[in-house]
Amino acid sequence: MRSPPIEIDAAALPPLGLPPAEFLENYWQKRPLLIRNAFPDFVSPITPEDLAGLACEDGVLARIVAHERDRDRWLLRQGPFPESLFPGLPDHDWSLLVQDVDKWDADVAALLPAFDFLPRWRIDDIMVSFAAPGGSVGAHVDQYDVFLLQAQGHRRWQIDDRPDPPVHFRLDTELKLLQRFAPTHDWVLGPGDMLYLPPGVPHHGVAEDPCLTFSIGMRAPSAAELMGDWVDAMISEADDRLRYRDSDLAPPRDPHEIDAAAMNRVVEALNLLRMNDPDRLGDWFGRFITLYRAGGEAAPSGESRSRIEVEWDLQQGGTLHRHPFTRMAWRRSGREARLYVAGQDLPLPARDAARIAAAAGIDAQLYGALSETGRDAVFALLAQGHYRLLPPGGDDGDEDEPAP
């Protein structure tokens, strides 16, 4: 069979240039795809100066990667940074990378609905990087899917699309850079172009001129991470009466030997902790995948407003805006559903769970469409800090919180 093309023009059908089902079948976690005009006439919603200012804020995950070409030396510096740093940086060979920009900038977050052909809970964040000419983070490989959207300027991307490429890392830098990199494809991306890379594809991006690149990265927990959290959950819920048992014990041939029968009993004891109940397994995964593990988290504001006051404000045009670091998802559970919010689960009618999970903000119309149970859940989440009440006009005067 003929292989699907590795380059496509999406101007007529942005952002993929083909139906989402076709992309998922032929490319997702299978092969790279360069998508020209994924976002035609794209204008970056953030400037390099905006990004530098954000990198100076406490709580923002930022880093600068610089390359000394004469010694092939890579330097890494973690933020937050003093404002005085940036005017003194050279005009070449460095990059500023800021994680979670979608949590801090609503205009950047507005890009996310374009990726609704993927489960939203799979999307981790939008990282934004500025690179001076020659700026790069070196040839490397990621273990998660990523869409690299060129937002401003031009960046040259090289990839190694061969099966089983070498992935040995350099030992002379704390960055996980490849010892060897032999590209099979070489492209220059301009504003609106986007490169999709599945996990495990070596790649190297270098700025042709001052440029901004948006990296829409997926959350892909390792098997070890999943197992560790699952085991912790099992241990916390385990009944202490579940123990190793050997009521069928027979006199051993050698009392010092751990024989096959003993090992079978060990397996039986471990199996007592297995999640044979799909609902228990689903609840664990829902809590796990919505718990944000890299940046900020919601917290109560300290203000105590009665439910009557909140509902009155909604009727007057106020809105409950979800905290940008609050991740949500939902799952059917029998005739009902579970809403997962930042590591907790709430039983709700399926319609309520779906509506709340999909809404970045809750106005009077949406609030009124919820059941009493759904409205109870929203008010409880507001008290926990997962929502912020904005009065009509949308400005609550709090400039310290990230914009939802």
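Residues numbered from 1 in each chain as written. Predicted model: local features only at pLDDT ≥ 70, side-chain atom pairs only at ≥ 80, totals over all residues. Heavy atoms only, no water.

Undergrad: Sorry if this is basic, but what is going on with the environment of Trp-94 here?
TA: Counting through the fold element by element, Trp-94 comes out in strand E5 (residues 94-98). Residues Trp-94 and Ile-8, 86 residues apart in the sequence, show an inter-C-alpha distance of 30 Å. Those residues in contact with Trp-94, other than ones at most four positions away along the chain, are Ile-64, Val-65, Ala-66, Phe-86, Leu-89, Phe-130, Ala-131, Ala-132 and Gly-135. Reaching out from Trp-94, the side chain makes a polar contact with the backbone oxygen of Pro-90 at a distance of 2.6 Å. (Helix = DSSP H or I, 4+ residues; strand = E, 2+ residues; numbered from the N terminus. Contact = heavy atoms within 4.5 Å. Polar contact = N/O pair within 3.5 Å; in protein donor to acceptor, adjacent residues only side chain to side chain.)

Undergrad: Explain the environment of Phe-117 here, please?
TA: Of note, Phe-117 is situated in the loop between helix H4 (106-109) and strand E6 (123-131). In this structure Phe-117 comes out as buried when scored by relative accessible area, which is 17%. The sequence separation of Phe-117 and His-323 amounts to 206 residues, and the corresponding C-alpha distance is 23 Å. Here Phe-117 is in contact with Pro-15, Leu-16, Pro-20, Phe-23, Leu-24 and Phe-147, once residues within four sequence places are set aside. (Buried < 20%, exposed > 50% of the residue type's maximum accessible area, 1.4 Å probe, protein only.)

Undergrad: Is there a simple way to explain the nonpolar core in this structure?
TA: Counting residues in each nonpolar core, the largest one holds 49 residues, and the members touching the most others are Phe-23, Leu-96, Phe-147 and Phe-214. Counting only elements with at least two residues in this core, the list comes to strand E2 (33-36), helix H2 (48-54), strand E3 (62-68), E5, E6, strand E7 (146-152), strand E10 (194-197) and strand E12 (211-218). Ignoring sequence-local partners within four residues, the contact set of Phe-23 consists of Leu-16, Leu-18, Trp-28, Leu-33, Phe-117, Phe-147 and Tyr-196. In terms of nonpolar packing, the next biggest core, distinct from the first, is built from 24 residues, Ala-353, Tyr-367, Leu-382 and Tyr-387 among them. (Core = buried A, V, L, I, M, F, W, Y, C linked by side-chain atoms within 4.5 Å.)

Undergrad: Looking at this structure, how should I read the pairing of E7?
TA: Two faces belong to every sheet, and in a regular strand the side chains alternate between them. Most of E7 is tucked away, with 6 of its 7 residues classed as buried. Sheet analysis places E7 next to E12, joined by 6 bridges and oriented antiparallel. Note on E12: the bridge partner recorded for Val-146 is Gly-217. Here 4 bridges tie E7 to E10, and the two strands are oriented antiparallel to one another. (Pairing = 2+ DSSP bridges.)

Undergrad: I'm lost on the pattern of salt bridges in this one. Help?
TA: Proximity of charged atoms lets side chains of opposite charge pair with each other. Summed over the entire model, instances satisfying the criterion amount to 31 salt bridges. The shortest N-O distance in the salt bridge between Arg-36 and Asp-193 comes to 2.9 Å. Linking Arg-36 in strand E2 with Asp-193 in the loop between strand E9 (185-189) and E10, this pair joins segments that are 157 residues apart in sequence. Each of the two residues, Arg-36 as well as Asp-193, counts as buried. With a shortest N-O distance of 2.9 Å, Asp-172 and Arg-170 are connected by a salt bridge. A relative accessible area of 16% places Arg-170 in the buried class. Here the salt bridges share partners, and the residues they tie into one network are Glu-237, Asp-279, Arg-280, Asp-283, Arg-287, Arg-331, Arg-338 and Asp-345. (Salt bridge = Lys/Arg side-chain N within 4 Å of Asp/Glu carboxyl O.)

Undergrad: Where do I start with unusual backbone geometry in this structure?
TA: Apart from glycine, the bulk of residues carry a negative phi angle, and the bulk of peptide bonds sit in the trans form. For the bond from Pro-14 to Pro-15, the omega torsion is 5°, close enough to zero to count as cis. One can find Pro-15 in the loop between strand E1 (7-9) and helix H1 (20-26). In this structure, the amide linkage connecting Gly-79 to the following residue, Pro-80, adopts the cis form with an omega of 5°. Relative to the assigned elements, Pro-80 resides in the loop between strand E4 (73-78) and E5. Of note in the backbone geometry, Asn-37 takes a positive phi value of approximately 55° without being a glycine. Its location among the elements puts Asn-37 in the loop between E2 and H2.

Undergrad: Any chance you could explain the packing of helix H5 (residues 223-237) against helix H7 (residues 278-290) here in plain terms?
TA: Two packed helices can be described by the angle between their axes and the distance between those axes. Relative orientation of the contacting elements H5 and H7 amounts to 120°, with a least axis distance of 11 Å. Comparing the axis directions of H5 and H7 gives the class oblique. Where H5 crosses over H7, the handedness of that crossing is right-handed. Across from Glu-225, Leu-226, Asp-229, Trp-230, Ala-233, Met-234 and Glu-237 in H5, the residues of H7 making contact are Arg-280, Leu-281, Trp-284, Phe-285, Arg-287 and Phe-288. Partitioned by chemical class, the residues of the contact of H5 with H7 number 8 nonpolar, no polar and 5 charged. (Axes fitted to C-alpha atoms, helices over the stretch in contact; angles between N-to-C directions. Parallel < 35°, antiparallel > 145°, perpendicular 65-115°, else oblique. Left-handed = near helix turned anticlockwise from the far one by under 90°. Nonpolar A, V, L, I, M, F, W, Y, C, P; charged D, E, K, R; others polar.)

Purely geometric numbers; function is a separate question.
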